[in-house]
Amino acid sequence: MIKTFEDKKEEQVEAHSDALSFDSLGLSEPLLKAIAYHGYKHPSAIQAKAIPLIMNGDDVMAAAQTGTGKTASFALPILESLLTKKQSSQRQTTVLILTPTRELAAQILASLETYGKYVSIRTAVVFGGVNINPQKNKLKNGVEILVATPGRLLDLYRQKAIRFDDLDTFVLDEADRMLDMGFIHDIRKVISLLPKNRQTLLFSATFSNDIRKLAKSIIKNPTEVSVTPRNTAAATIAQAVYNVKKSQKSALLSHLVSQHSWEQVLVFTKTKHGANRLTDYLKEAGLKSMAIHGNKSQSARTKALADFKKNKIRILIATDIASRGLDIDQLPHVVNYDLPYVAEDYVHRIGRTGRAGASGEAISLVSADEAKLLAAIQRLIKQEIPIKTCNSFKFEKDDKKGSDQRRFFRKRSKKSHSDKFRR
Ligand code: AMP
């Protein structure tokens, strides 16, 4: 029987488990050395909860969003278990980690390499949009851990480059986003190829009914862990809204970045074209910017992310799908240039800042036509986002329809302590 999160609410913690050390989790010396080398002092909440369960061989369903340290919570116990297992045979893998996007896949591999710095475990990452042949070669002698996106994995299977007879651990990462991106059939197909007798770990930011339905068919008697109450924003993120006419958003963004000397700003737009237009505008204004979205080649996306991390680009502009899983340490500013259509995406977006306990700022530029989207977000996070203004920026008046909606904003801000947000 799968217990509901409501049943387990008392177990939900947001803070890091400061009292606990990594040593007490029973990890071996080479892994502890890598953790220390990486500068982690204490396991995060999800790590403290999930690592012992996974090491015990349990099937686990974990509700944890990106930024909670969830990758290490499955990567560390997996590496630990591999220390005593025999190597995989040719074209086989012992562990399969399925994840929705190329960026996320590459990041998981980077984490495995970080934590596995002092152990010799063969890993590979496969995703679409790049030549399949080097991936086939990499799998020829077998790997212990394979990180994959669903489509390319199935292509490799059809081409007999990978088999799953040696598989004993399956991780489904970001399951909610997998379903959003329409991977359900691919996931089911992959699962039908795996041995029945295996350990299954399912990670998802939220557990919708669809996720629970999927879980029922792939995971037996899982133990549930949860570290972030559903749909809440981390307390370390300072959120604010600027009400601005749509046509002035680019100018306001450029003004705010320059005026506050913001470095490393991640900006979300709704569409790829919007991302491109904004990039051009900011470049014209002398601000180093780059867009990252589905129409960009894999190499362009990887380069944009690498340049952003190295501070060569000041502003990275992303659409929701492209941004999934972006792991940038200490990202101080996230800007919603457009509000997302789906309120849950707001939580994912702003989760890119204020990670692992660091503080961050999430700014939303909201035009009058987005009032309803803002209201839906505030309902979801059960919090009213403070409205800010900027005295050094010349805001233009909105049209009639816009000013009606502005009144709506003002009304909402007066009701900041309304019961609605205190449920
Ligand atoms: P994730 O949720 O896996 O995307 O991880 C979010 C960020 O937290 C990554 O940049 C990790 O390097 C970092 N991180 C993971 N575990 C810890 C920890 N125990 N202490 C400090 N930072 C961590």
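Residues numbered from 1 in each chain as written. Predicted model: local features only at pLDDT ≥ 70, side-chain atom pairs only at ≥ 80, totals over all residues.

Another aspect to go through is the sheet that holds strand β4 (residues 143-148). Here we have seven strands laid out as an open sheet, ordered β3-β4-β2-β5-β6-β1-β7, and parallel in their pairing. Of all strands in the sheet, those with a lone pairing partner are β3 (123-126) and β7 (223-226), marking the two edges. Averaged over all pairs of adjacent strands, the angle between strand axes in this sheet comes to 15 degrees, irrespective of strand direction. As paired elements, strand β2 (residues 93-98) and β4 share five bridges and run parallel to each other. Across the sheet, the residue bridging to Val 95 is Ile 145, located in β4. (Pairing = 2+ DSSP bridges. Helix = DSSP H or I, 4+ residues; strand = E, 2+ residues; numbered from the N terminus. Axes fitted to C-alpha atoms, helices over the stretch in contact; angles between N-to-C directions.)

Attention now goes to helix α3 (residues 70-82). Along its 13 residues, α3 runs 19 Å from first to last C-alpha, staying within 8% of the 18 Å computed at 1.5 Å per residue. Counting buried positions over the 13 residues of α3 gives twelve, a clear majority of the element. For α3, every residue scored as buried is listed here: Lys 70, Thr 71, Ala 72, Ser 73, Phe 74, Ala 75, Leu 76, Pro 77, Ile 78, Leu 79, Glu 80 and Leu 82. (Expected span 1.5 Å × (residues − 1). Buried ≥ 20, exposed ≤ 12 C-beta atoms within 10 Å, placed from the backbone.)

Mapped onto the elements of the fold, His 38 is located in the loop between α1 (29-37) and α2 (45-55). Taking C-alpha positions, His 38 is 7.7 Å from Thr 114, a pair spaced 76 residues apart along the chain.

Let us now look at helix α4 (residues 102-115). When the terminal C-alpha atoms of α4 are compared, their 20 Å separation across 14 residues agrees well with the 20 Å that a helix rising 1.5 Å per residue should span. Buried residues along α4 sit in contact with α1, α3, β2, β3, β4 and α12 (298-309). (Contact = placed C-beta atoms within 7 Å.)

A few words now on the packing of helix α14 (residues 343-350) against helix α15 (residues 371-381). Look at α14 against α15: their axes get within 8 Å of each other, and the N-to-C directions meet at 70 degrees. When the axis of α14 is compared with that of α15, the two are roughly perpendicular. Taken together, the residues of α15 that come into contact with α14 (itself represented by Ala 343, Glu 344, Tyr 346 and Val 347) are Ala 376, Ile 377, Leu 380 and Ile 381. Class assignment for the residues of the contact of α14 with α15 results in seven nonpolar, no polar and one charged. (Parallel < 35°, antiparallel > 145°, perpendicular 65-115°, else oblique. Nonpolar A, V, L, I, M, F, W, Y, C, P; charged D, E, K, R; others polar.)

Counting residues in each nonpolar core, the largest one holds 64 residues, and the members touching the most others are Ala 62, Ala 105, Tyr 115, Val 147 and Ala 148. Val 244, Phe 308, Leu 339 and Val 347 belong to the second largest nonpolar core, which has 42 residues in total. (Core = buried A, V, L, I, M, F, W, Y, C linked by C-beta atoms within 7 Å.)

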